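These are the residues of each chain, in order.
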Amino acid sequence: MANITPEQFEKALANAKQALQANMGKILVNATGIGSAEMQRRVFNRGITTAGKQMNYRSKSYMKKRVDADLQVNWKDLAFTNNLFYSMTILTTADKEVTYGFNNGETAQIAEWQQTSPKQVNEPIFELSDKEIAKMERQMAIDALSLIQGAIDNFPNVPNIRGETARKPRPPKQAKKKMTKAKKTTSKKKPAIKTKRKKK
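Residues numbered from 1 in each chain as written. Predicted model: local features only at pLDDT ≥ 70, side-chain atom pairs only at ≥ 80, totals over all residues. Heavy atoms only, no water.

Asks: How should I be thinking about the overall build of the protein in this particular structure?
Replies: Per the secondary structure count, the protein includes seven helices and two strands. Listing each helix as α and each strand as β along the protein from the N terminus yields α-α-α-α-β-β-α-α-α. In the protein, which comprises 200 residues, the proportion classed as buried is 27%. In the protein, once contacts between residues fewer than 6 apart in sequence are set aside, the share between residues at least 24 apart is 56%. When the accessible area of the protein is evaluated, it comes to approximately 15600 Å², of which 55% is carbon and sulfur surface. (Helix = DSSP H or I, 4+ residues; strand = E, 2+ residues; numbered from the N terminus. Buried < 20%, exposed > 50% of the residue type's maximum accessible area, 1.4 Å probe, protein only. Contact = heavy atoms within 4.5 Å. Areas by Shrake-Rupley, 256 points an atom, 1.4 Å probe, with all protein chains shown as cover.)

Structural data, given as structure tokens:
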């Protein structure tokens, strides 16, 4: 392992900090992509609100029209025309902030109406759930640690520790077997040797 002075280690950490600050925007964009993809699957593929509630149709006449058109009625299909789905995107990016939402006013109004109208779902749909936020935070941590590790490893005279993982010690099974065998061997009694006397 290479030697490193406290001053060199301090510089390596400073390099890691600079790398993290320079790439914070990319980390946020990547995490936003993870969270938004999870949210879209929840909303458009399963019809679930942010709180985990199933979205259902209220109008029986509209449900009948969907059945007649061979469309599913198990949950409210907000991806029916795909307008909401395809209009969701990253709107703005900055060093420490990413804005995600609908890219046109019409779909934004439809989404708001679904979330606030008593005749519709009337609860948050497109806000990220706790589970989706947790996945974003985990991805951010993974990306940040990878950047820090790379910055430290690339600093001169710093030992590379990539790929090293703690190994759990294995119980000495072989040693136990040998000890057991040794005990059994020493505990065996030697058979008595019988000798026959010759008759004179």
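Asks: In this structure, what is going on with the layout of surface pockets? I would like to understand it.
Replies: It is the rolling of a water-molecule-sized probe over the atoms that shows where space remains empty. Considering only enclosed or pocket space, the largest pocket measures out at about 380 Å³ in volume. Taken together, 19 residues form the lining of the largest pocket, with Tyr62, Lys76, Asp77, Leu78 and Gln114 sitting closest to its centre. Looking at the lining of the largest pocket, the elements that each hand over two or more residues are helix H3 (60-68), helix H4 (83-87) and helix H5 (105-116). The residue makeup of the lining of the largest pocket, split by class, is eight nonpolar, six polar and five charged. There is about 290 Å³ of room inside the second largest pocket. In terms of lining, the second largest pocket is formed by 20 residues, of which the most central are Met39, Tyr100, Gly101, Phe126 and Leu128. (1 Å grid on protein atoms, 1.4 Å probe; cavity = no way out; pocket = protein on both sides within 12 Å on 5 of 7 lines; lining within 4 Å. Points joined across faces, edges and corners; volume = space filled by probe spheres on them. Nonpolar A, V, L, I, M, F, W, Y, C, P; charged D, E, K, R; others polar.)

Asks: Any chance you could explain the packing of aromatic side chains here in plain terms?
Replies: Aromatic ring pairs are reported here in terms of the distance separating the ring centres and the angle at which the planes meet. Considering all chains together, one arrives at five aromatic pairs under this definition. With a centroid separation of 5.2 Å and an interplanar angle of 90 degrees, the aromatic rings of Phe102 and Phe126 are classed as edge-to-face. Separated by 24 residues along the polypeptide, Phe102 in strand S2 (residues 98-102) and Phe126 in the loop between H5 and helix H6 (130-153) bring together distant segments of the chain. Each of the two residues, Phe102 as well as Phe126, counts as buried. Each member of the aromatic cluster is reached from another via a ring pair, and the members are Phe44, Phe85, Tyr86, Phe102 and Phe126. (Phe/Tyr/Trp six-rings, centres within 6.5 Å; stacked < 30°, edge-to-face > 60°.)

No statement about biological role is implied by the geometric values presented.
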